[in-house]
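# Observations on the model geometry
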Amino acid sequence: MESRRRQSSARSKADLSAELRRAWYHLRLSVRDPTRVRTWDAVVLTAASPEQAELYNWQLSRAKRMGRIAPSTITLAVPDPHGQRIGSGAATLNAILALAKHLHQLSIINSPVSGTSNCNSNSSISECSTEIPLLSLVEIIKKKHILLLHAGGDSKRVPWANPMGKVFLPLPYMAADDPDGPVPLLFDHILAIASCARQSFQNEGGMFTMTGDVLPCFDAFSMVLPEDAASIVTVPITLDIASNHGVIVASKIGLPDDKSVFLVENLLQKPNIEDLVDHQAILDDGRTLLDTGIIAVKGKAWVDLVMLACSSQPMISELLQSKKEMSLYEDLVAAWVPAKNEWLKPRPLGRELVAALGKQKMFTYCAYDLLFLHFGTSSEVLDHLNGTSSGLVGRRHLCSIPATTVSDIAASAIIISSKIAPGVSIGEESLVYDSLISTSFQIGSQSIVVGVNVPEVQNMAAGNSFKFMLPDRHCLWEVPLVGRSERVIVYCGVHDNPKNSLSKDGTFCGKPWRKVLVDLGINETDLWGTKERKDMCLWNAKIFPVLSYYEMLHSATWLMGLSNQDEHLLGLWKRSDRISLEELHRSIDFSKMWIGSTNHQADLASGIVAACLNFGLLGRNLSQLCQEILQKEATGVEICKEFLSQCPNLQAQNPQILPKSRAHQVHLDLLRVCNEEEMAVEMEHKVWAAIADETASAVRYSFEEHEASTSQGTLEQSFHHRKVKVELPVRIDFAGGWSDTPPWSLERSGCVLNMAIALGGSLPVGTIIETTKRGGLLMIDDAGNKLYIDNITSIAPPFDSTDPFRLVKSAMLVTNVINEKMLQSTGLQIKTWANVPRGSGLGTSSILSAAVVKALLQLTYGDDSNENVTRLVLVLEQVMGTGGGWQDQVGGLYPGIKFTSSFPGVPLRLQVNPLLASPQLIKELQQRLLVVFTGQVRLAHQVLQKVVIRYLQRDNLLVSSIRRLVELAKIGREALMNCDIDELGDVMQEAWRLHQELDPYCSNEFVDKLFAFSDPYCRGYKLVGAGGGGFALMLAKTADSAKKLHHLITQNPEFDVQIYDWEIFLGK
């Protein structure tokens, strides 16, 4: 227990922003490259009814489309049989069985001899007529890795989320990171956290179970789960909170290899102080272990659970007949805890649970830093949006709002997926989601409005001038009903508890029921009928009238107590067909609700795209927005085709400001959206040609200008032998890469921190250029390739990508040496070499280009300054067709450690700032930094093309990632100036994460394995350059750690790598 006390007091709560960002990064990586980053084999949701399961399946499809779930992952929503509640424990068994049958059906469909099935994903177990052998079901699922979310139930305390399902309520944390992407939901954040937990299962089959109304923010990537056991995640909590929840009693001593894992000795439900003391559940720091609702089962314990689930149909039928329930958190988990077995046996199916599961143990993993964000009530939702986490919240997302001069919308209001008309007022800290609000609508402070579609006043009853006001701390939402054309308007107070009865402080719109009845002049029988009942509460009160929209708004004003007693409204209300929240739960038209919401969001996206095309500079991600438009029923494609027709005129609207490459990319994206692939291929060529032209323009370069800032003279008319040799180091980069690459560097500022190094005591890149009596051009490289060109004026782009001498040819072009006046009576021989492995990532191609350009300019008495050479190489790479930025040539041309900034404009301006490194800094860097060739060959231009296209599309996640890389370069510079090499390691580590965000294929399984092996000894690591292979940098924690890691890697037969001797090149 002493170890538990020390750890719990020493650790602080998780940084919500940092943990969520890390989790989202991991989720995106696992979705984009699931073969490298393990993801779930299946994501399963429980649902209260078949209708709700259908809605959940639509949401799961959306999550796949939006990149929240990998295409390879099976998704399934499983309703309780016949919509009858069976408890979370039985629902768990039901879900496992349904998934096993679903996987069995898929295996039949995907087999060479296809079969048919009578069981689909939305069927209840009893509806599947085909009997499948038990062992077949067990075999098909026991090796799978399952994420199960309990999302059924009726959401009484968050009634406005009941139609959508509480797990799918909007939670716009970090929404500003991707302003053109979908609104983040609670479900999406849960997926992100859960994605990090997948690694704890490794290759051992199992299931990770979470609840749909809790966001547990913690470092799930570090979670340890014992083999062949069940585990429950806990967090130390104060006793007052624990008294309303489940508590875990753990053993006094943790496992030998992990002090966060303890054997579970007992389970307590809502214990008082005496219970906690009697069961020794209080930790030494005065807290106790809270059951978070996260349960993991793996190995043998998972196989036992699968065996039970796959044979559970008779057990579930027994529960249905007896109308009893089996809880996951009280009953099922008790089977793994011997101290609870006797208590469990008399309960429904208790003996069966003990017999099937009791052979294995249950442990607890204590997540000391876990933040427990519960979304159990409307006030909790608002607290999480406006409390300590408010800085994470995107308060305007995919919305249309009027100018501040024609509306009164508080800055702290959260408006997402909504259209607000002029003349609307919205108070502080209110949430408006998925709504269309017309003129003369007032929403108070700390209120919630969801799914409301208020028609324009002129569409209401003629001659009525009506202003609707929703008071402070109220909820308002609309629900489409099965079999009705009307959508019923529903409302209540934020703090109303629909479960509290009339006799136990029950309220409606914040007022006690007794006062509501008196003020409105209505009777209990009007709400709850003539039959005497004890549970008279808001949940079952038939209070919401189903009338015309205008009449429902008037009735709402009256029922909320905003108008005096009105006999007309009282009579209208009594005569109307009324409905309760409970009846609503069973009568929602989920299909109509989903289609309406989808069309509404498509209309919003369409409005944003139209405004962007008509008025703006194409700064939005139109490709992403158009994917939302395509979801619109029937007309989505036609809308996109209308946008496509506007594309030919885009450049003409702002020819001096709008880059042609961006205009072409928008045209390309819309062609692809409209399935015009042949024209899209042509447009793609125009995109790359535009980038090359813009890059050349930015360095004031033209192939037609002979008097450029290149060669300033000519070779002698008579032959005179000249020979120039240029040798350069390679570069390694710490942070800032990609911000140097056109078109980013042509439009935005960039910063890169890199360093010139020699390998094995020599400069590895170089060229020798000499004049020859024989005319023409002879080119020789270090691979034994030779090529003689008699007429050098025949050299012209485009060059074949397989041409080994396209670099030299391009250098001849950009230096103007190809001008016939220069070589009238002499020829040239150019030898090149690069003594580093191909695809090294050390900037070899650009540095070799710099060497050739510099040598040619020296030979022709041109401007061979490093600044001029840097710019020319930038153009050279566009001519070659590889693209690229300025950091590689800067890294090789300028000695030592450099912090280089670029400033967009014509010309592109570079500012190279050498860092004056102390001998102590140089010594420590050379002792701690390992430069390792991984043996994995990569091609930078393949990665570059993907990143450039995403930038031209204005992919917001990419833009924010490169911005952060620029900031990291600045932080790294400060760290080196302060001789803080540990902080440099942190910079490298985050830069490596961001590089994978830009392109998940910049790493691979071998590199991941190498870094995981090295992690205990390293402060930071990354691949150099664009990644994908090549060289790795590993910054060890100490000089001794570097030596030990060097030894371990070289002795490990799994790593066929080469560790290079290196030194900082400080100039000759």
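The structure under discussion appears in the preceding block.
So, a few notes on the structure that sits alongside this text. Residue positions are given per chain, counting from 1 as you read along its sequence in written order. This being a predicted model, a pLDDT of at least 70 is required before a residue's local features are given, and a value of 80 or more before pairs of side-chain atoms are given or counted; all residues contribute to the totals for chains, interfaces and linings. The side-chain values count all of the structure's non-hydrogen atoms but skip hydrogen atoms and water molecules.

## Overview of the packing of aromatic side chains
Working definition: rings of Phe, Tyr and Trp (its six-membered ring) pair if their centres are within 6.5 Å, and the pair is stacked with planes under 30 degrees apart, edge-to-face with planes over 60 apart, and tilted otherwise. Within the structure shown, the criterion is met by 20 aromatic pairs. A ring pair is formed by Trp992 and Phe1011, whose centres lie 5.7 Å apart and whose planes are at 90 degrees; its orientation type is edge-to-face. Here Phe1011 lies in helix H35 (residues 1005-1014) and Trp992 lies in helix H34 (residues 981-998), a separation of 19 residues in the sequence. Of the two residues, Trp992 and Phe1011, neither departs from the other in class, the shared state being buried. One aromatic cluster is present, formed by Tyr491, Phe508, Trp513, Trp528 and Phe544 through successive ring pairs. As a reminder, the over-ring test applies to NZ of lysine and CZ of arginine, requiring each to be within 6 Å of the ring centre and within 35 degrees of the ring normal. One Lys or Arg, Lys156, reaches over the ring of Trp539 and ends 4.9 Å from the middle of that ring. Of note, Arg774 hangs over the ring of Tyr788, and the distance from its end group to the ring centre comes to 3.6 Å. The numbering of helices and of strands both runs from the N terminus, where a helix is a DSSP run of H or I of at least 4 residues and a strand a run of E of at least 2. Burial status follows relative accessibility: with a 1.4 Å probe on protein chains alone, a residue under 20% of its type maximum counts as buried, one over 50% as exposed, and anything between as partly exposed.

## Notes on the pattern of salt bridges
Any carboxyl oxygen of Asp or Glu within 4 Å of a side-chain nitrogen of Lys or Arg constitutes a salt bridge here. Inspection of the entire model under this criterion finds 41 salt bridges. Its salt-bridge partner being Arg620, residue Asp180 comes within 2.6 Å of it at the nearest N-O pair. Of this pair, Asp180 sits in the loop between strand S3 (145-150) and helix H6 (186-197) while Arg620 sits in the loop between helix H20 (590-615) and helix H21 (622-629); the two residues are 440 residues apart in sequence, bridging distant segments of the chain. By relative accessible area, which is 3% here, Asp180 ends up buried. Its relative accessible area of 29% is what places Arg620 among the partly exposed residues. When the shortest N-O distance is used, the salt bridge between Asp331 and Arg347 registers 2.5 Å. Here Arg347 lies in the loop between helix H12 (338-344) and helix H13 (350-357) and Asp331 lies in helix H11 (residues 328-332), a separation of 16 residues in the sequence. Among the charged side chains, a salt-bridge network with shared partners connects Glu924, Arg928, Asp982, Asp986 and Arg1019.

## Details of the sheet that holds strand S38 (residues 1018-1023)
A pair of strands is treated as paired once DSSP finds two or more bridges between them. Pairing is antiparallel across the open sheet formed by four strands, whose spatial order is S38-S39-S37-S40. Among the strands making up the open sheet, the edge pair consists of S38 and strand S40 (1058-1060). Put simply, the sheet's adjacent strands are angled 25 degrees from each other on average, direction ignored. Of the strand pairs in this sheet, strand S37 (residues 929-933) and S40 are connected by three bridges, and their pairing is antiparallel. Directly across from Phe933, in S40, lies its bridge partner Gln1058. The strands touched by helix H31 (residues 919-928) within the sheet are S37, S38 and strand S39 (1031-1036), with S37 carrying the most contacts at an inclination of about 45 degrees. Should any heavy atoms of two residues lie within 4.5 Å, those residues are considered in contact. Axes here mean lines fitted to C-alpha atoms, for a helix over just the part in contact, with angles spanning 0 to 180 degrees between N-to-C directions. Relative to S38, H34 is tilted by about 40 degrees, and along the sheet it contacts S37, S38 and S39.

## Quick word on the environment of Ile132
Position of Ile132 relative to the elements: it lies in the loop between helix H4 (87-109) and helix H5 (134-141). Residue class for Ile132 comes out buried when judged on its relative accessible area of 12%. C-alpha of Ile132 to C-alpha of His104: the two residues are 28 residues apart in sequence and 8.5 Å apart in space. Beyond its immediate stretch of four places on either side in the chain, Ile132 contacts Lys101, His104, Gln105 and Leu137.

## Here's the deal with helix H14 (residues 378-386)
Each α-helix turn comprises 3.6 residues. Residues three or four places apart therefore point the same way. Within H14, seven of the nine residues are buried, which leaves the element mostly enclosed by the surrounding structure. For H14, the full list of buried residues reads Ser378, Ser379, Val381, Leu382, His384, Leu385 and Asn386. The secondary structure elements touched by the buried residues of H14 are strand S11 (371-374), strand S14 (414-416), strand S17 (431-433), strand S20 (448-450) and strand S22 (474-480).

## Section: the pairing of strand S35 (residues 897-903)
Extensive coverage of S35 is indicated by the burial of six of its seven residues. Relative to S35, strand S30 (residues 750-759) runs antiparallel, the two sharing six bridges. Counted as the bridge partner of Gly750 is Ser902 from S35. When S35 meets strand S36 (residues 909-914), the two strands line up antiparallel, connected through six bridges. Looking at the pairing, Lys898 lines up with Pro914 of S36. The hairpin turn running from S35 into S36, its antiparallel successor, is five residues long, and Gly905 in that turn takes a positive phi close to 150 degrees.

## Structural notes on the side chain of Arg806
Among the structural elements, Arg806 can be located in helix H27 (residues 806-814). Residues adjacent in sequence count toward polar contacts only when both atoms are side-chain atoms; beyond that, a polar contact is any pair of N or O atoms within 3.5 Å, and within protein one must be able to donate a hydrogen and the other to accept it. Within the structure, the side chain of Arg806 is placed 3.0 Å from the backbone oxygen of Met880, a separation counted as a polar contact. Setting aside anything within four residues of it in sequence, one finds Arg806 in contact with Phe799, Asp800, Ser801, Met880 and Thr882.

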